[in-house]
Each structure stands twice: as structure tokens, then as C-alpha cells.
Amino acid sequence: MTRHLITTAIDYVNASPHAGHALEKIQADVLSRYYRSLGDEVFFLTGTDENSLKNVQSAEKEGLPVKEFVERNAKQFMRLAQELNLSNDDFIRTTETRHTLGVQKLWQACLKDIYKKTYQGLYCVGCEEFYKEDELVNGLCPEHKTKPELISEEDYFFRLSKYQHTLSELISSNQLEIIPESRKNEVLNFINSGLEDICISRSTQRAHHWGIDVPNDSNQKVWVWFDALSNYITALGYATESEQFKKWWLTGEDLLHCIGKGISRFHAVYWPAMLLSAGLPLPKRIFVHGYLTVKGEKMAKSLGNIVDPFQLLDKYGSEVVRYFFIREFSATEDGNFSEERIQERYQSDLAEGLGNLLSRVLALGEKYHSPILLEKNELLDFRQKIEKQYQQKMQEFKFNEALASVWDLVNALNKYLTDKKPWKTITNNPKEFEEQLATLVLSLGKVALLIAPVMPETSEKILEALQLKNLTETNWHNLKVSLKTGIPLFPKL
Ligand SMILES: [Zn+2]
């Protein structure tokens with residue numbers, strides 16, 4: 001695969017972003033930067049979901065007009081994207097015209113599967129979804145632990161049931177791949193237990209006049225999930241059938257959605273069914289990450305245990321926050337957040353591990369200017385083994401293990417320094433010293449390249465300090481380098 005469309009979920013803007021939002025965005029950014037580092041072409045999309053009833057209710061609580069409220073909060077999410085140093089190519093807000101027009105176009109494209117009926121059901125505004133009685137836990141929403149509302153009205157329905165067999169086939173055969181396997185099985189169980197048609201609109205009154213009008217029926221607003229899921233194509237220019245839409249969606253090679261486990265049903269069942277109905281290509285892969293938890297509970301405003309990502313970014317900077325979130329947690333499982341762990345990782349992995357390694361190598365370089373690096377490299381085999389492991393783990397979405405491999409190399413290099421004592425070799429055997437320095441510089445250069453998707457700025461700083469900025473596989477050996485000292489990578493906290 002050489003062309004990847006990579007998307008994150010778009011966030012409700014009913015409150016400021018929390019650290020869980022940051023986790024998903026960092027993961028998607030790491031993937032984007034990783035594929036770019038392989039020479040692949042990437043379009044990385046993120047954005048905000050502004051048409052939900054949740055936003056309306058929160059705005060009403062604050063006594064603000066909804067438009068003003070979502071405008072203010074959307075800016076927080078855009079700022080978060082910037083402060084996390086995301087490399088996104090676009091940011092879609094679902095109140096934009098390009099989105100509204102795209103949603104209405106998609107609705108029309110699905111018309112053969114849309115019908116009207118009177119319906120009564122239990123609706124969780126937090127999830128923006130109807131629940132069946134048996135899906136509730138003690139009568140409460142399993143995600144929000146709140147009591148759903150009993151709704152009765154005439155709405156539009158989408159013939160989801162019609163796609164049950166096709167979806168089951170596509171997912172079991174991995175034509176639509178769901179990662180990890182455990183999530184794939186959950187989705188298949190859900191599909192195979194029988195799909196019912198879904199309600200895809202609500203009365204304009206129940207929507208408090210907020211949202212996108214159903215085409216030709218201004219008494220109804222498009223259900224927020226039908227609306228939100230469409231962002232993946234509306235952002236690319238579906239409404240106008242733009243070149244960008246053709247390139248990344250219609251003829252896309254890899255369409256990859258990164259989402260949280262709570263919304264896999266929407267992405268792996270409802271969304272592909274909508275696309276099948278409209279005759280559009282499906283995503284190729286759906287990567288489902290775990291939640292960031294605090295003392296075992298999901299981080300959520302309603303649960304009052306929010307970790308503010310801006311505070312973390314102010315205190316530690318984006319590089320450390322990115323490193324921590326990727327290294328500390330398995331991407332597919334829940335990860336328990338604790339700030340002490342950031343400090344422990346900072347101290348052991350960054351300050352004493354990588355930072356210390358760089359300053360030790362630079363200190364050696366000061367003793368010996370402009371060394372000619374020879375091909376002989378005692379750690380070459382080990383380095384190649386590490387890189388192979390790293391590539392494999394990245395492809396398997398095991399980002400934490402990929403970084404662990406890189407740190408095996410960091411630790412080996414620190415040990416190499418301690419064992420070989422090049423500061424002694426320099427007087428006894430200058431040629432050997434030169435080879436040792438070459439081993440250290442080239443291996444540390446490799447470390448810098450491998451951490452680039454996770455810590456782009458640190459990677460740059462290391463390459464700059466080693467004067468290896470234009471390092472590629474072809475000029476890897478026989479380089480003339482000089483070292484630049486004086487850049488403290490990870491100062492004391
Ligand atoms: Zn809920």
C-alpha cells in the first residue's frame with residue numbers, strides 16, 4: 001500500500017478535550033508520520049462533530065447560543081491538534097457547508113433504503129443512539145451509566161437489516177479488516193445476532209432546531225451519526241466529487257479509520273452499510289484503540305475524572321506527552337493514566353536513557369573532530385534486528401512494543417559506551433576509537449530515524465547534533481560528520 005487515508009474520530013465539542021482525545025490523535029499521527037517515513041503518501045484527517053444534541057444541551061446549560069458554543073469549543077480541539085504537533089492535512093467541522101452538502105448528497109444516494117415509520121425507543125443522548133432493553137445495564141446506558149430517554153415519534157429509517165449478510169462476509173474475510181481480532185469478533189457477533197433497521201433522523205423539535213435538514217423535509221434533522229460518519233468523505237469533497245475525493249476515497253488504496261472501542265459498531269456496521277447503499281467504496285481497515293482510564297474508569301466529563309491535556313502539554317511539552325502515551329499503553333487495550341508514570345518514564349527512558357546517550361556521544365565527539373566513519377560497525381547486526389522488529393510491530397499497531405525495541409538499542413548503546421570506554425581508546429588506539437565513535441553515531445542516528453513518527457522534534461535535534469541531517473540508507477556509511485554539543489534534550493524536571 002502506498003496511499004493511505006488516515007482518519008480519527010471527530011469529537012463532540014460539548015466540553016473541552018480530555019487526555020483520551022489526545023491519545024487517539026497521537027496514535028493516528030504516529031501512523032501518518034510512520035507511513036510517510038516509508039515514502040508512502042498520506043492524507044491525515046481529523047475534526048469535530050458539532051451537530052449533536054449533546055452540544056445543544058451543554059450550550060443551553062451555559063446559556064449560550066449553540067453556534068457560539070460550538071465555535072468556542074471547536075477552537076479548543078483545533079488548538080489541541082496544534083499543540084500535539086499533529087501533521088493533519090485537514091480539519092473538518094461538521095457545521096461547514098462542504099459537510100452539510102455532502103451529508104444531504106449521501107442521504108439522497110441512500111434513498112432506496114430509507115423509509116418513514118413511527119417508532120418508540122430508549123435513546124441515550126450521550127451516545128446519540130437508541131438502545132434495546134437487553135443492551136442496558138440495570139436500566140442504564142453501558143457507556144454513560146445514565147438512564148436513556150423514552151422517545152416516540154415518526155422518523156426516517158435506514159434498511160440496515162438488508163446488509164447483514166454482506167457485512168458479515170466482508171468483515172470475516174478481512175476485506176474490511178478490523179484490528180484487533182477481539183474487536184472484529186465483537187462486531188461479527190453483533191452483526192450475526194441480527195441487524196435491525198436504524199432510525200436516522202429526529203424531529204426538528206427534538207433536535208432543538210440544530211443540525212442538518214433531511215433533504216426535502218425541514219421537519220426532520222439528520223441523525224447525528226449519519227451526519228458525523230459522512231465527514232470522512234465530505235471533508236475530501238464528496239459534495240462536489242472533487243479530485244481529492246476521487247484520489248483518496250474512490251480510488252483509495254488504504255482507507256484507515258482510527259477509533260475508540262465505544263464506537264466500533266457505528267464505524268464497522270452502520271457506516272459500511274451506508275456506503276454500500278450509496279454505491280461507494282468501503283474503508284479498508286478500522287483500528288480500534290482502548291480507553292485511557294483513571295483508576296480503572298473511562299475518562300469522561302460525566303464521570304468527573306478528566307485529565308486536561310493542555311496542562312500536561314504545558315508541563316512536559318508535546319514530545320514527552322507523545323512519547324508517554326505511545327510507550328506506556330498497548331494501543332488496543334485500556335491504559336491506566338497516572339502522572340507519576342510520566343515522571344518515571346521521563347527519568348528512566350528519556351533523561352537517563354536517550355538524553356544521556358546523546359550527551360555522552362557528543363562529549364566523545366568533542367575530543368575528536370570530524371571523524372571519518374568507517375563501515376565496520378560492531379552493532380550492525382543488532383541494529384538490523386531491532387529495525388526489523390520495529391517495522392513489524394509498527395505494522396501490527398503495537399506501537400509500544402516498537403518503541404521498546406528502539407530502547408533496547410538505546411540501552412545497548414549506553415552499555416557499549418560503558419564497556420568499551422572509548423574515552424580511553426582515544427589515546428591507546430585512535431583507529432579503534434574512530435570505529436567505536438562511528439558505531440555510536442550511526443546507531444544513534446538510526447534511533448533518531450526510528451523515533452521520528454513519535455518524537456519528530458527530538459529526532460530532528462539528534463540528527464542535527466550528530467550532523468546527520470541528510471542521512472539516508474544510501475549514504476549511511478563512510479560519512480564525514482562533526483558533532484554539535486550544547487543541546488540538552490531532556491533537562492531535569
Ligand atoms: Zn450513552
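Residues numbered from 1 in each chain as written. Predicted model: local features only at pLDDT ≥ 70, side-chain atom pairs only at ≥ 80, totals over all residues. Heavy atoms only, no water.

### Quick look at the packing of aromatic side chains
Aromatic ring pairs are defined here through the distance separating the ring centres and the angle between the ring planes.
Here comes step 1: The final tally for this structure, using the stated rule, is 27 aromatic pairs.
Here comes step 2: With 6.1 Å between their ring centres and 5° between their planes, Phe158 and Tyr163 make a pair best called stacked. No difference in accessibility class separates Phe158 from Tyr163, as the two residues are buried.
Here comes step 3: Here Phe325 and Phe337 contribute two aromatic rings whose centre-to-centre distance is 6.2 Å and whose plane-to-plane angle is 85°, an arrangement assigned as edge-to-face. Of this pair, Phe325 sits in helix H11 (residues 309-328) while Phe337 sits in the loop between strand E17 (335-336) and helix H12 (339-367), placing them 12 residues apart in sequence.
Here comes step 4: Assessed through its relative accessible area of 2%, Phe325 is described here as buried. (Phe/Tyr/Trp six-rings, centres within 6.5 Å; stacked < 30°, edge-to-face > 60°. Buried < 20%, exposed > 50% of the residue type's maximum accessible area, 1.4 Å probe, protein only. Helix = DSSP H or I, 4+ residues; strand = E, 2+ residues; numbered from the N terminus.)

### Digging into the environment of Val125
Here comes step 1: By secondary structure assignment, the location of Val125 is in the loop between strand E5 (114-124) and strand E6 (129-131).
Here comes step 2: Owing to a relative accessible area of 11%, Val125 belongs among the buried residues under this scheme.
Here comes step 3: For the pair Val125 and Tyr390, spaced 265 residues apart in the sequence, the C-alpha separation amounts to 42 Å.
Here comes step 4: With sequence-adjacent residues up to four places away left out, Val125 is seen in contact with Leu53, Lys54, Gln57 and Glu149. (Contact = heavy atoms within 4.5 Å.)

### Some words on the coordination of the zinc ion
Here comes step 1: Within the protein, Cys124 (SG), Cys127 (SG), Cys141 (SG) and His144 (ND1) serve as the donor atoms for the zinc ion, at 2.1 to 2.3 Å.
Here comes step 2: Every donor counted, the four donor atoms about the zinc ion form angles of 96 to 118° at the centre, which fits tetrahedral coordination.
Here comes step 3: Each donor residue of the zinc ion lies on the same chain, and together they follow the pattern C-x2-C-x13-C-x2-H. Of this pair, Cys124 sits in strand E5 while Cys141 sits in the loop between E6 and strand E7 (149-158); the two residues are 17 residues apart in sequence, bridging distant segments of the chain. (Donors = N, O, S within 2.8 Å, 3.2 Å for Na, K, Ca; no water. Tetrahedral: all angles 85-135°; square planar, octahedral: opposite > 155°, others 65-115°.)

### Description of the nonpolar core
Here comes step 1: Grouped together as the largest cluster of nonpolar side chains are 81 residues, with contacts concentrated most on Phe325, Leu354 and Leu466.
Here comes step 2: Each of domain 1 (3-311) and domain 2 (339-465) contributes no fewer than three residues to this core.
Here comes step 3: One finds Leu188, Ile263, Leu280 and Leu282 within the second-largest nonpolar core, a separate group that totals 78 residues. (Core = buried A, V, L, I, M, F, W, Y, C linked by side-chain atoms within 4.5 Å. Domains from an automatic or database assignment.)

### Points about the packing of helix H13 (residues 380-395) against helix H14 (residues 399-420)
Here comes step 1: Following both chains from N to C, one finds H13 and H14 inclined at 165°, their axes separated by 7 Å at the closest point. As the angle between them shows, H13 and H14 are arranged roughly antiparallel. Every pair of crossing elements has a handedness; the one defined by H13 and H14 is left-handed. On the side of H13, the interface is formed by Phe382, Arg383, Ile386, Gln389, Tyr390, Lys393 and Met394, while H14 contributes Phe399, Glu401, Ala402, Ser405, Val406, Asp408, Leu409 and Ala412.
Here comes step 2: Along the lines of polarity and charge, the residues of the contact of H13 with H14 split into nine nonpolar, two polar and four charged. (Axes fitted to C-alpha atoms, helices over the stretch in contact; angles between N-to-C directions. Parallel < 35°, antiparallel > 145°, perpendicular 65-115°, else oblique. Left-handed = near helix turned anticlockwise from the far one by under 90°. Nonpolar A, V, L, I, M, F, W, Y, C, P; charged D, E, K, R; others polar.)

### Overview of unusual backbone geometry
Here comes step 1: Omega for the peptide link from Ile179 to Pro180 comes to 0°, which places this bond in the cis form.
Here comes step 2: Mapped onto the elements of the fold, Pro180 is located in the loop between strand E8 (177-179) and helix H6 (181-192).
Here comes step 3: The backbone of Asn216 sits at a positive phi, close to 65°, despite the residue not being glycine.
Here comes step 4: Considering the arrangement of structural elements, one finds Asn216 in the loop between strand E11 (213-214) and strand E12 (217-222).
Here comes step 5: Unlike most non-glycine residues, Phe397 shows phi in positive territory, near 65°.

### Quick word on the domain arrangement of the chain
Here comes step 1: Entries for the chain in the domain assignment read domain 1 (3-311) and domain 2 (339-465).
Here comes step 2: A straight line from the C-alpha centre of domain 1 to that of domain 2 covers 41 Å.
Here comes step 3: Of the residues lining the interface, 12 residues belong to domain 1; the matching set on domain 2 comes to 11 residues.
Here comes step 4: By the criterion of area lost to domain 2, the three top residues of domain 1 are Val30, Arg33 and Tyr34, representing 48% of everything that side buries.
Here comes step 5: Where domain 1 meets domain 2, there are zero salt bridges.
Here comes step 6: If you look at where domain 1 meets domain 2, you find two residue pairs in polar contact (both at pLDDT 80 or more).
Here comes step 7: Among the secondary structure elements, those contributing two or more residues to the side of domain 1 that touches domain 2 are helix H1 (19-37) and strand E14 (285-289).
Here comes step 8: No other element matches H1, which puts six residues into the side of domain 1 that touches domain 2. (Buried area = accessible area lost by both parts, 1.4 Å probe. Salt bridge = Lys/Arg side-chain N within 4 Å of Asp/Glu carboxyl O. Polar contact = N/O pair within 3.5 Å; in protein donor to acceptor, adjacent residues only side chain to side chain.)

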